[in-house]
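Examination of the molecular architecture
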Amino acid sequence: MVAEFYGTVYAMEEAQKMGLTNIWLECDSTLVCVAFTVRTNVSWLLRKRWNTCLNYCGKIKFSVTRIFCEGNVGADKLVNLGFIHRESFHWYNRLPYSLFLEFFMNRYCLLVYRFC
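Since the model is a prediction, treat every value here as computed from it, not as a measurement.

Counted under the stated rule, the structure contains zero disulfides. Summary of cysteine pairing: Cys 27 is not part of a disulfide, and the nearest cysteine sulfur, belonging to Cys 33, is at 4.7 Å.

Structure representation (structure tokens):
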């Protein structure tokens, strides 16, 4: 759970640095979505950063919706890229080549199935 909140807080901190004022967060974590709407506390490890995040969200046009894991395939691939490059920070100004298929499928509302 801490990892889900950490990723969300970090994304919102980056959005604030960029000066974004209109954000729609799609998240596959029910707990994160509920925490934004109910304003619940998170782990003490992130509490100060979480409160800063909530204050920022209150000053901009912000919405959060829950999506199913199948709608979040691109984000899962980004997590895998982050794991590969965990020793250093990478910022992508363009869509990484390995995400073109997922982006195309998401853009045109094509279904993605996961098989175990």
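Counted according to the given criterion, the structure contains five aromatic pairs. Taking 5.3 Å as the distance between ring centres and 90° as the angle between the ring planes, the aromatic pair formed by Phe 5 and Trp 50 counts as edge-to-face. Linking Phe 5 in helix α1 (residues 2-18) with Trp 50 in helix α3 (residues 47-59), this pair joins segments that are 45 residues apart in sequence. In this pair, the class of Phe 5 matches that of Trp 50, namely buried. Between the aromatic rings of Tyr 97 and Phe 100, the centroid separation amounts to 5.7 Å while the plane-to-plane angle is 65°, which identifies the pairing as edge-to-face.

Right, let's get into the nonpolar core. The nonpolar side chains of a soluble globular protein tend to be buried with one another. Formed by 20 residues in total, the largest nonpolar core has its most connected members in Phe 5, Met 12, Ile 23, Phe 36, Trp 50 and Tyr 56. Elements that contribute at least two residues to this core include exactly α1, β1 (22-27), α2 (30-38) and α3. Beyond its immediate stretch of four places on either side in the chain, Ile 23 contacts Met 12, Ala 15, Tyr 56, Ile 60, Lys 61, Phe 62 and Ser 63.

We now examine the environment of Val 34. Looking at the element boundaries, Val 34 is found in helix α2. The exposure class of Val 34 is partly exposed, given its relative accessible area of 37%.

Of the residues in the protein, 88% reach a pLDDT of 70 or more, and the chain-wide mean stands at 82. The least confident element of the protein, judged by mean pLDDT, is helix α4 (residues 73-84) at 72; the most confident is α3 at 93.

A separate point is a nonpolar patch on the surface. Judged by side-chain polarity, Met 18, Leu 20, Phe 89 and Trp 91 come together as a nonpolar surface patch covering roughly 430 Å² of accessible area. Considering the arrangement of structural elements, one finds Trp 91 in the loop between α4 and α5 (100-107). Residue Trp 91 is classed as partly exposed on the basis of its relative accessible area, which comes to 45%.

So, on to the side chain of Glu 102. Here Glu 102 shows up in helix α5. Among all residues touching Glu 102, those that are not within four sequence positions of it are Val 73, Gly 74 and Lys 77.

Scanning the entire structure with this criterion turns up two salt bridges. The partner of Glu 13 in a salt bridge is Arg 49, with the nearest N and O atoms 2.6 Å apart. With a gap of 36 residues between them, Glu 13 in helix α1 and Arg 49 in helix α3 connect regions that are remote in the sequence. Judged by its relative accessible area of 23%, Glu 13 falls in the partly exposed class. On the basis of relative accessibility, which here comes to 27%, the residue Arg 49 falls in the partly exposed class. The shortest N-O distance in the salt bridge between Lys 17 and Glu 14 comes to 3.2 Å. Of the two residues, Lys 17 and Glu 14 both sit in helix α1, three residues apart, roughly one turn of that helix.

Conventions adopted
- Residues numbered from 1 in each chain as written.
- Predicted model: local features only at pLDDT ≥ 70, side-chain atom pairs only at ≥ 80, totals over all residues.
- Heavy atoms only, no water.
- Disulfide = S-S within 2.5 Å.
- Phe/Tyr/Trp six-rings, centres within 6.5 Å; stacked < 30°, edge-to-face > 60°.
- Helix = DSSP H or I, 4+ residues; strand = E, 2+ residues; numbered from the N terminus.
- Buried < 20%, exposed > 50% of the residue type's maximum accessible area, 1.4 Å probe, protein only.
- Core = buried A, V, L, I, M, F, W, Y, C linked by side-chain atoms within 4.5 Å.
- Contact = heavy atoms within 4.5 Å.
- pLDDT = per-residue confidence, 0-100.
- Patch = residues over 30% accessible without salt bridge, like charges linked within 9 Å, V, L, I, M, F, W, Y side chains within 5 Å.
- Areas by Shrake-Rupley, 256 points an atom, 1.4 Å probe, with all protein chains shown as cover.
- Salt bridge = Lys/Arg side-chain N within 4 Å of Asp/Glu carboxyl O.

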